Each structure stands twice: as structure tokens, then as C-alpha cells.
Amino acid sequence: MKELLDQIEKLTTTFQKDAVSQLDKGNKAAGLRARRASLELEPLLKRFRKLSLEAANNKAE
């Protein structure tokens, strides 16, 4: 799960940097990169949710 969290952190940082660049500077290429990063984040966040629920259920038993 640590590796997954590292991937999420890296993509989130990239997304935020590019989104701010688009917003502040009107950089269209940065907007494209931010949208691409958001698409890559979605399956990672779903995977985190699944692993997190499994971990919580295993501790409850």
C-alpha cells in the first residue's frame, strides 16, 4: 500500500502544479497534462479505497 500512496502523491503533485499553471498563466499544455493526471489518478484512488476497506475489515475480525 505504501507504493500506491507514493504513486498517488506523485500524481497529485503533478496535477496540482499543472492545474495552477493553467489557471495562473493560461498555459493550455499544462491544462492538458493536468487532465491526463486526473485520469491516471482515478484508478489509483479506487484501488486505494478497495485496499483500505479490506484492511479495515481484516482488523475488525
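Preceding block: the structure.
Computed from a prediction, not measured in an experiment: that's the story for all the values here.

Participant: So what exactly am I meant to see when it comes to the overall build of the protein here?
Facilitator: A tally of helices and strands in the protein yields two helices and zero strands. Relative to the compact-globule value of 10 Å for 61 residues, the protein shows a C-alpha radius of gyration of 15 Å, a clear excess of over 25%. When the accessible surface of the protein is totalled, it reaches about 5,000 Å², and 56% of it is carbon and sulfur. A gap of 6 Å separates the mean positions of the 13 positive and 9 negative side-chain charges of the protein.

Participant: Sorry, what's going on with the nonpolar core here?
Facilitator: Nonpolar side chains in soluble globular proteins generally cluster together in the buried interior. Leu 4, Ile 8, Leu 11, Ala 37, Leu 41 and Leu 44 together form the largest nonpolar core, which totals six residues. For this core, the elements supplying multiple residues, two or more each, are α1 (2–25) and α2 (28–60). Apart from the residues lying within four places of it in its own chain, the contact partners of Leu 44 are Leu 4, Gln 7, Ile 8 and Leu 11.

Participant: How should the pattern of salt bridges be read in this particular structure?
Facilitator: Should their charged atoms come close, side chains of opposite charge can pair. Under the definition given, this model contains four salt bridges. Here Lys 17 and Asp 18 are joined by a salt bridge, their closest N and O atoms 3.9 Å apart. A residue is classified by how much of its surface remains accessible, and Lys 17, at 56% relative accessible area, is exposed. Look at Asp 18 and you get buried, because its relative accessible area is 3%. One continuous salt-bridge network, built from bridges that share partners, spans Lys 17, Asp 18 and Arg 33.

Participant: When you look at α1 in this model, what are you seeing that I'm missing?
Facilitator: Taking 1.5 Å of rise per residue, the 24 residues of α1 would be expected to cover 34 Å, and the 34 Å separating its terminal C-alpha atoms lies within 8% of that figure. The set of residues buried in α1 consists of Leu 4, Ile 8, Leu 11, Asp 18 and Ser 21. Following α1 by one or two positions, Gly 26 adopts a phi angle in the positive range, close to 70°.

Rules used throughout
- Residues numbered from 1 in each chain as written.
- Predicted model: local features only at pLDDT ≥ 70, side-chain atom pairs only at ≥ 80, totals over all residues.
- Heavy atoms only, no water.
- Helix = DSSP H or I, 4+ residues; strand = E, 2+ residues; numbered from the N terminus.
- Rg over C-alpha atoms; globule rule 2.2 N^0.38 Å.
- Areas by Shrake-Rupley, 256 points an atom, 1.4 Å probe, with all protein chains shown as cover.
- Lys, Arg positive; Asp, Glu negative; His and termini not counted.
- Charge placed at Lys NZ, Arg CZ, Asp CG, Glu CD.
- Core = buried A, V, L, I, M, F, W, Y, C linked by side-chain atoms within 4.5 Å.
- Buried < 20%, exposed > 50% of the residue type's maximum accessible area, 1.4 Å probe, protein only.
- Contact = heavy atoms within 4.5 Å.
- Salt bridge = Lys/Arg side-chain N within 4 Å of Asp/Glu carboxyl O.
- Expected span 1.5 Å × (residues − 1).

Purely geometric stuff here, so don't read any function into it on its own.
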